[in-house]
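Chain and residue survey
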Amino acid sequence: MAARRNRTKTRKRRGASHPNERDVATSIPTAFLERLAADVGPDRAKAMQQAIEVRANRRALRLNPSRLDRSAAETHLGVPLTPVPFNPLAYWLPEDAPPGVGRSPLHAGGGFYMQDAAATAVAPFVDPQPGEWVIDLAAAPGGKASELAARMDGRGVLVANDVSAQRAQALHENLERLGARNAVITQAAPAELARRWGGRFHAVLLDAPCSGEGMFGKSDIARQEWSEDAVATCAVRQDDLLDAAFALLAPGGRLIYATCTLNRDENEGAIERLLKRQPDATPVNLERTSGMEPGVLASRQDVRNASGRIWPDASFGEGHFVACLKRTGAQAGAFTADRRETPPMLASTEGMPSPLTLLSEVLEPHVVDALTPNLRIQGRSVWALPAPELPLDGLHVLAPGWRLADLTHGRWSPAHALAMGVMVHEVRVSVAITDATAAARFLRGEELDVGDAEGAEPRDSAWVWVTYQDVPLGWARQRGHRLRNLRPKRLRVS
Ligand SMILES: C[S@@+](CC[C@H](N)C(=O)[O-])C[C@H]1O[C@@H](n2cnc3c(N)ncnc32)[C@H](O)[C@@H]1O
């Protein structure tokens, strides 16, 4: 097998002696190192090998801007944050940061997403505008899609898709946690989506499955699964995925292509092959940030300019590639959706109580009014659809939009996704937990006493939005002094 042929002898490095040394067991494939030296020169290749093998893989996070700012994050996480040059919302943690940052209640409340620094570089190039139609074709687990949703501020539509059932589930959970309000989450092959929705999107992101050379610093599996054959197989698959991605673009729309691998064939080469197949594709110059280099392995100058590379020796972490293309034609602003006849709102409420009563108990009237035109009951939930005209029949859809309420035992109750997506001025009753221990208890599913929270006077019976340091944790039902915890069992942490 090629994978074995190209692998050098396995060295066990369990228990690395230097604090920055990585504890990976498999050597970097020799054929990869030889190719890297040919591509970037022996000195640079040596520096990259050192970065991959020895330097710390520094953890980074990206803030969810409507929830958490840098100063609050530093205070509540108890660590200083260092700006990452690739994304204004991204920060490196100190090398000696405690391991539990991702277990903070601020994380559970969607205040931030743990994301490799280089991976944060991609979403800013998509630059989605509120109101646009945007699709992320290989979106799981949602690092980039959750930033796209935040940038769109609930307006327009973000289709977040992944072909893998298991990973699409993780994508769903992350978009819910980060409070996406305008996401349609699907599990489908990109070619199937292109067949249905070709020519409709202002922006398409393809963060493609790849041979993962940029992950060698932290992933034994990436090292073990790499081979020259695997690179070639990935490149063929990327050609197919790029064709699907391009077909989804409206005239004037933009395609952002990204990988976390370093070789030419899956990066600049994939773009050059696409340009040969698609005469109405044009490279778009990238405004690269510091630490990002042009696509040096391209044979065309316009592809070099349209590409950005973050090599592992510049990122304290992964390597990444990103490129931007445009579909020629009228401006994407001229795009119009195919407005189909959609069923009247809440047409299927016969025999059910109206969810509007519940929504009016929970949300301020202006929010209910704004949501009402796009409300639909599907299954036993009521959803606000960001794009009622988007045909979803026959697709595996994890979420057709923002889930607002669920029907159980003949009664509506507010959905967890609603708690995670609303803002403080949109809910009728809220209580703020100020103490981290009480927040942790709430995340475990425990009942609280109103004495544990600010703004909680005794009430007869009320739906209450529970927050901690301005991030939402979920709903509670308050009776007297007690807050009965409605956080879903699937999310309760022990
Ligand atoms: C690099 S990851 C995406 C990471 C994601 N964009 C993020 O930021 O969190 C690539 C994704 O492609 C998906 N994938 C694998 N094979 C695929 C295929 N043939 N078509 C579409 N997606 C595929 C994988 O399930 C994986 O989630």
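Read on for an overview of the structure. In this text, all values refer to a predicted model and were calculated from it rather than measured experimentally.

What counts and how
- Residues numbered from 1 in each chain as written.
- Predicted model: local features only at pLDDT ≥ 70, side-chain atom pairs only at ≥ 80, totals over all residues.
- Heavy atoms only, no water.
- Salt bridge = Lys/Arg side-chain N within 4 Å of Asp/Glu carboxyl O.
- Helix = DSSP H or I, 4+ residues; strand = E, 2+ residues; numbered from the N terminus.
- Buried < 20%, exposed > 50% of the residue type's maximum accessible area, 1.4 Å probe, protein only.
- Pairing = 2+ DSSP bridges.
- Contact = heavy atoms within 4.5 Å.
- Axes fitted to C-alpha atoms, helices over the stretch in contact; angles between N-to-C directions.
- 1 Å grid on protein atoms, 1.4 Å probe; cavity = no way out; pocket = protein on both sides within 12 Å on 5 of 7 lines; lining within 4 Å.
- Points joined across faces, edges and corners; volume = space filled by probe spheres on them.
- Nonpolar A, V, L, I, M, F, W, Y, C, P; charged D, E, K, R; others polar.
- Near = heavy atom within 4 Å.
- Polar contact = N/O pair within 3.5 Å; in protein donor to acceptor, adjacent residues only side chain to side chain.
- Sits in = over half its atoms within 2 Å of the grid points.
- Core = buried A, V, L, I, M, F, W, Y, C linked by side-chain atoms within 4.5 Å.
- Domains from an automatic or database assignment.
- Parallel < 35°, antiparallel > 145°, perpendicular 65-115°, else oblique.
- Left-handed = near helix turned anticlockwise from the far one by under 90°.
- Phe/Tyr/Trp six-rings, centres within 6.5 Å; stacked < 30°, edge-to-face > 60°.
- Lys NZ or Arg CZ within 6 Å of the ring centre and 35° of its normal.

**Here's the deal with the pattern of salt bridges**
It is possible for side chains bearing opposite charge to pair when their charged atoms get close. Summed over all chains, the structure comprises 29 salt bridges. Across the salt bridge formed by Arg151 and Asp127, the nearest N and O atoms sit 4.0 Å from each other. Placement of the pair is Arg151 in helix α7 (residues 143-152) and Asp127 in the loop between α6 (123-126) and β5 (133-136), with a sequence separation of 24 residues. Among the residues examined, Arg151 registers a relative accessible area of 28% and is labelled partly exposed. A salt bridge links Glu426 to Arg181, with the shortest nitrogen-to-oxygen separation between them at 2.9 Å. Of the two residues, Glu426 sits in the loop between α17 (416-421) and β19 (430-433) while Arg181 sits in the loop between α8 (165-177) and β7 (183-186), which places them 245 residues apart along the sequence. Exposure remark for Arg181: the relative accessible area of 23% places this residue in the partly exposed category. One connected set of salt bridges, linked through shared partners, spans Arg62, Asp127, Glu147 and Arg151.

**Focus on the sheet that holds strand β22 (residues 459-468)**
The strands that make up a sheet pair up through hydrogen bonds in the backbone, lying either parallel or antiparallel. As summarised here, the arrangement of the six strands in space is β20-β24-β23-β22-β19-β21, forming an open sheet in which the pairing is mixed. If you trace the sheet from one side to the other, it starts and ends with β20 (448-449) and β21 (453-454), each paired once. Here strand β23 (residues 471-480) pairs with strand β24 (residues 482-485) via four bridges, running antiparallel. Following the sheet pairing, Gln478 is matched in β24 by Leu483. Its contacts with the sheet put helix α18 (residues 436-443) on β19, β20, β22, β23 and β24, and the angle it makes with β23 is roughly 80 degrees.

**Considering empty space enclosed by the protein**
Under the criterion given, the structure shown has two cavities of 30 Å³ or more. Each pocket or cavity is described by its volume, and for the second largest cavity that value is around 30 Å³. In this structure, the second largest cavity is lined by Val184, Leu385, Pro386, Ala387, Pro388, Leu390, Leu392 and Pro400. Considered class by class, the residues forming the lining of the second largest cavity number eight nonpolar, no polar and no charged.

**Some remarks on the layout of surface pockets**
In this model, the largest pocket occupies a volume close to 1,100 Å³. The wall of the largest pocket is formed by 46 residues, among which Ala140, Arg167, Asp207, Ala208 and Cys260 lie closest to the centre. When contributions to the lining of the largest pocket are tallied by element, the ones reaching two or more residues are β4 (112-114), α7, β8 (201-207), α10 (220-225) and α11 (228-248). Looking at which element gives the most residues to the lining of the largest pocket, the answer is α11, with five residues. Partitioning the lining of the largest pocket into residue classes produces 23 nonpolar, eleven polar and twelve charged. Approximately 900 Å³ is the volume found for the second largest pocket. Looking at the second largest pocket, it is lined by 40 residues, and the ones nearest its centre are Asp406, Ser413, Pro414, Ala415 and His416. For the lining of the second largest pocket, the elements supplying multiple residues, two or more each, are α8, β7, α15 (355-362), β17 (402-408), β18 (411-414), α17 and β23. If you tally residues by element for the lining of the second largest pocket, the top one is α8, at five residues. Per-class residue counts for the lining of the second largest pocket are 17 nonpolar, ten polar and 13 charged.

**Quick word on the site of the ligand**
The immediate surroundings of the ligand are formed by 17 residues, with Ala138, Gly143, Asp162, Arg167 and Asp207 found nearest. Taking Ala138, its main chain carries an N or O atom lying 3.0 Å from a nitrogen atom of the ligand. One nitrogen or oxygen atom from the side chain of Asp207 is found 2.7 Å from a nitrogen atom belonging to the ligand. When atoms are counted within 2 Å of each cavity's grid points, the one that captures over half of the ligand is the largest pocket. Those elements that provide at least two residues to the shell around the ligand are α7 and α11. Of the residues assigned to the shell around the ligand, the class counts are nine nonpolar, three polar and five charged.

**A word on the nonpolar core**
If you look at the biggest cluster of nonpolar residues, it comprises 40 residues, and the most contacted ones within it are Leu171, Leu175 and Ile256. At four residues, α7 tops the list of elements feeding residues into this core. Shared between two domains, this core holds at least three residues of each, these being domain 1 (60-333) and domain 2 (347-407). In this structure, Leu175 is in contact with Ala145, Ser146, Ala160, Ala180, Ala183 and Ile185, ignoring residues within four places of it in sequence.

**As for the side chain of Ser146**
Assignment of secondary structure puts Ser146 in helix α7. According to the relative accessible area criterion, Ser146 is buried, its value standing at 3%. Among the polar contacts made by the side chain of Ser146, one reaches the side chain of Arg62 at a distance of 2.9 Å. When sequence neighbours within four positions are dropped, the list of residues in contact with Ser146 reads Arg62, Tyr113, Leu175 and Leu178.

**Description of the packing of helix α2 (residues 30-40) against helix α3 (residues 42-53)**
The contact between α2 and α3 brings their axes to 7 Å, and the two run at 135 degrees. Classified by the angle their axes make, α2 and α3 are oblique. For the pair α2 and α3, the sense of crossing is right-handed. Here Phe32, Leu33, Leu36, Ala37 and Val40 of α2 come into contact with α3, specifically with Pro42, Arg44, Ala45, Met48, Gln49 and Ile52.

**Some details on the pairing of β8**
Most of β8 is tucked away: seven of the seven residues are buried. Bridge count between β5 and β8: three bridges; the pairing is parallel. Residue pairing across strands places Ile135 opposite Val204, the latter belonging to β8.

**Thoughts on the packing of aromatic side chains**
Inspection of every chain in the model, using the stated rule, returns five aromatic pairs. Seen from their ring centres, Tyr257 and Phe321 are 6.4 Å apart, and the 70 degrees between their planes marks the pair as edge-to-face. Taken together, the residues span a long stretch of sequence, with Tyr257 in strand β9 (residues 249-259) and Phe321 in strand β13 (residues 320-327) at a distance of 64 residues. Among the residues examined, Phe321 registers a relative accessible area of 0% and is labelled buried. Taken together, the ring pairs connect Phe32, Phe216 and Trp226 into an aromatic cluster. The cationic tip of Arg477 hangs over the ring face of Trp463; the distance from NZ or CZ to the ring centre is 4.1 Å.

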